[in-house]
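So the chains spell out like this:
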Amino acid sequence: MKYIAKASLENFFEAASKKLNVYVPVDTEGTNSAYKKWQNGTKVSERLHTTRSAKDFFFPQTENLVEFKMTEKKIEIIDPRRETEDFAIFGVRACDARSFSILDKVFLTDPVDTYYKNRREHGVIISMACRRPEETCFCKAFGIDASAPEGDVVFTPADGGYFIEAKTEKGSAFVESLGDIFEERDSATLDEVKAKTREIMDKLPLANLDTSKFGGGKTQEFWDDKNWASLSEACIACGTCTFVCPTCQCYDIKDFDTGHGIKRFRTWDSCMYSDFTKMAHGNPRLTQKERFRQRFMHKLVYFPENNKGEFGCVGCGRCLQSCPISMNIVKVMKTLGKEE
């Protein structure tokens, strides 16, 4: 199996960056980290995952959709898109790697979102197997193996370096394009490394989170549950949970008058906001309880209803870490599922 020593990782980035743009997780202010374009001297973060997920590469927080210019009675329609350059995202964890398949079901189902599709076609996902999951992780509850992530290429840390597996045709082409920077090594220790990670996952506080009580066909069962009121009463509708979530896909479309024309753009939105989906007659969800319920019902009931049982959560734990009132999907599941 292909292998590269940790000390030679810079060589990998240098070789890869000659083929395409390479983005790596980098420490930023405080305890935060974010993806930055790799350059000589860039130090890769050792944190479990970035503050915001790699979703931004395919579904950016803000993007221009179309521009309009009017000259007298003539309207010129301008497509601002440019051909996306090839790029690679290094260090994507198993939870975030799974999130792409969820987003694909939203944006690549007819009618296909061509903005998203263009980026997906040009992006190479280089995922990183976990060795030290955190107490807020619960990806296993959603059938995700942290030691064997999805992706085009998988790096598994072991023996002072990384075992490398190409998982897709795109991944194989990428690895082969880098020539002989990798060495061949017996992968006998790989199963042992994965087993140790799974042992850690089994011992985490949320290892036994039960998803069996949720899924399609449960709308009526949970809609009128009296616990929604108490669960939502402290929510301040800040939207933090939706902005750090790797699977949230809500957006709004706005027009901006530049003085020389109109720019139409879309930007992330949150179902937790009081003006979300506001229409001429008002907002269909008038209370924070209704908005709170919508978010979690979508993750746990509506999405699996329409996607063969797949949940809209990947258990990354970001919402557990970031919510200012310590309310999250785990507490909702335990409360509605009547767990002790």
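Residues numbered from 1 in each chain as written. Predicted model: local features only at pLDDT ≥ 70, side-chain atom pairs only at ≥ 80, totals over all residues. Heavy atoms only, no water.

Draft legend 1. Just the overall build of the protein chain, in detail. In terms of helices and strands, the protein chain carries eleven helices and twelve strands. Relative to a compact globule of 340 residues, whose C-alpha radius of gyration would be 20 Å, the protein chain shows 22 Å and is just as compact. Based on the C-alpha atoms only, the size of the protein chain along its principal axes is roughly 65 × 65 × 40 Å. Burial status across the protein chain gives 50% buried among its 340 residues. Taking as baseline every contact in the protein chain between residues at least 6 positions apart, the subset at least 24 positions apart corresponds to 71%. As displayed, the protein chain offers around 17,400 Å² of accessible surface, 49% of which is attributable to carbon and sulfur atoms. Looking at charge distribution, the protein chain has the averaged site of its 50 positive side-chain charges lying 3 Å from that of its 51 negative ones. (Helix = DSSP H or I, 4+ residues; strand = E, 2+ residues; numbered from the N terminus. Rg over C-alpha atoms; globule rule 2.2 N^0.38 Å. Buried < 20%, exposed > 50% of the residue type's maximum accessible area, 1.4 Å probe, protein only. Contact = heavy atoms within 4.5 Å. Areas by Shrake-Rupley, 256 points an atom, 1.4 Å probe, with all protein chains shown as cover. Lys, Arg positive; Asp, Glu negative; His and termini not counted. Charge placed at Lys NZ, Arg CZ, Asp CG, Glu CD.)

Draft legend 2. Geometry of the packing of helix H9 (residues 288–306) against helix H11 (residues 329–336). Two elements in contact, H9 and H11, have axes whose closest approach is 11 Å; the angle formed by their N-to-C orientations is 80°. When the axes of H9 and H11 are compared, the pair comes out roughly perpendicular. On H11, the residues touching Phe 292, Phe 296, Lys 299 and Leu 300 of H9 are Ile 329, Val 332 and Met 333. A class-by-class count of the residues in the contact of H9 with H11 yields six nonpolar, no polar and one charged. (Axes fitted to C-alpha atoms, helices over the stretch in contact; angles between N-to-C directions. Parallel < 35°, antiparallel > 145°, perpendicular 65-115°, else oblique. Nonpolar A, V, L, I, M, F, W, Y, C, P; charged D, E, K, R; others polar.)

Draft legend 3. Highlighting unusual backbone geometry. The peptide bond linking Asp 110 to Pro 111 adopts the cis configuration, its omega dihedral lying at 0°. Secondary-structure assignment places Pro 111 in the loop between helix H2 (94–107) and helix H3 (114–122). A positive phi angle, near 55°, is found at Glu 72, a position not held by glycine. Tracing the chain through its elements places Glu 72 in the loop between strand E4 (62–71) and strand E5 (74–78). Overall, the relative accessible area of 73% leaves Glu 72 in the exposed class. Although it is not a glycine, Ser 326 sits at a positive phi angle of roughly 55°. Along the polypeptide, Ser 326 turns up in the loop between helix H10 (318–322) and H11.

Draft legend 4. Structural view of the sheet that holds strand E12 (residues 262–268). The four strands are arranged E5-E4-E12-E11 in an open sheet whose pairing can be described as antiparallel. Single-partner strands in this sheet number two, and they are E5 and strand E11 (251–257). Pairs of neighbouring strands in the sheet enclose a mean axial angle of 20°, with direction left out of account. Bridge analysis of E4 against E5 gives five bridges, and the strand direction is antiparallel. Note on E5: the bridge partner recorded for Thr 71 is Lys 74. (Pairing = 2+ DSSP bridges.)

Draft legend 5. Just the pairing of E12, in detail. When E4 meets E12, the two strands line up antiparallel, connected through six bridges. When the bridges of E12 are listed, Asn 64 appears paired with Phe 265. Between E11 and E12, which pair antiparallel one after the other, the connecting turn spans four residues, and Gly 259 there sits at a positive phi close to 95°.

Draft legend 6. The side chain of Asn 118, seen in detail. Here Asn 118 is to be found in helix H3. On the accessibility criterion, Asn 118 (17% relative accessible area) is buried.

Draft legend 7. Region of interest: the pairing of E5. Little of E5 sits inside the fold, with zero of its five residues counted as buried. Connecting E4 to the next strand, E5, in antiparallel fashion are two residues, including Glu 72 with a positive phi near 55°.

Draft legend 8. Expanded view of a nonpolar patch on the surface. There is a patch of nonpolar side chains on the surface, built from Met 70, Ile 75 and Ile 77 and spanning about 340 Å² of accessible area. Tracing the backbone through its elements, the reader meets Met 70 in strand E4. (Patch = residues over 30% accessible without salt bridge, like charges linked within 9 Å, V, L, I, M, F, W, Y side chains within 5 Å. Salt bridge = Lys/Arg side-chain N within 4 Å of Asp/Glu carboxyl O.)

Draft legend 9. Looking closely at the state of the cysteines. Under the definition given, this model contains zero disulfides. Considering cysteine sulfurs only, Cys 139 is the nearest to Cys 137, which forms no disulfide, with 6.2 Å between them. Note on Cys 139: no disulfide assigned, nearest cysteine sulfur contributed by Cys 95 at a separation of 6.2 Å. Among the residues examined, Cys 139 registers a relative accessible area of 6% and is labelled buried. (Disulfide = S-S within 2.5 Å.)

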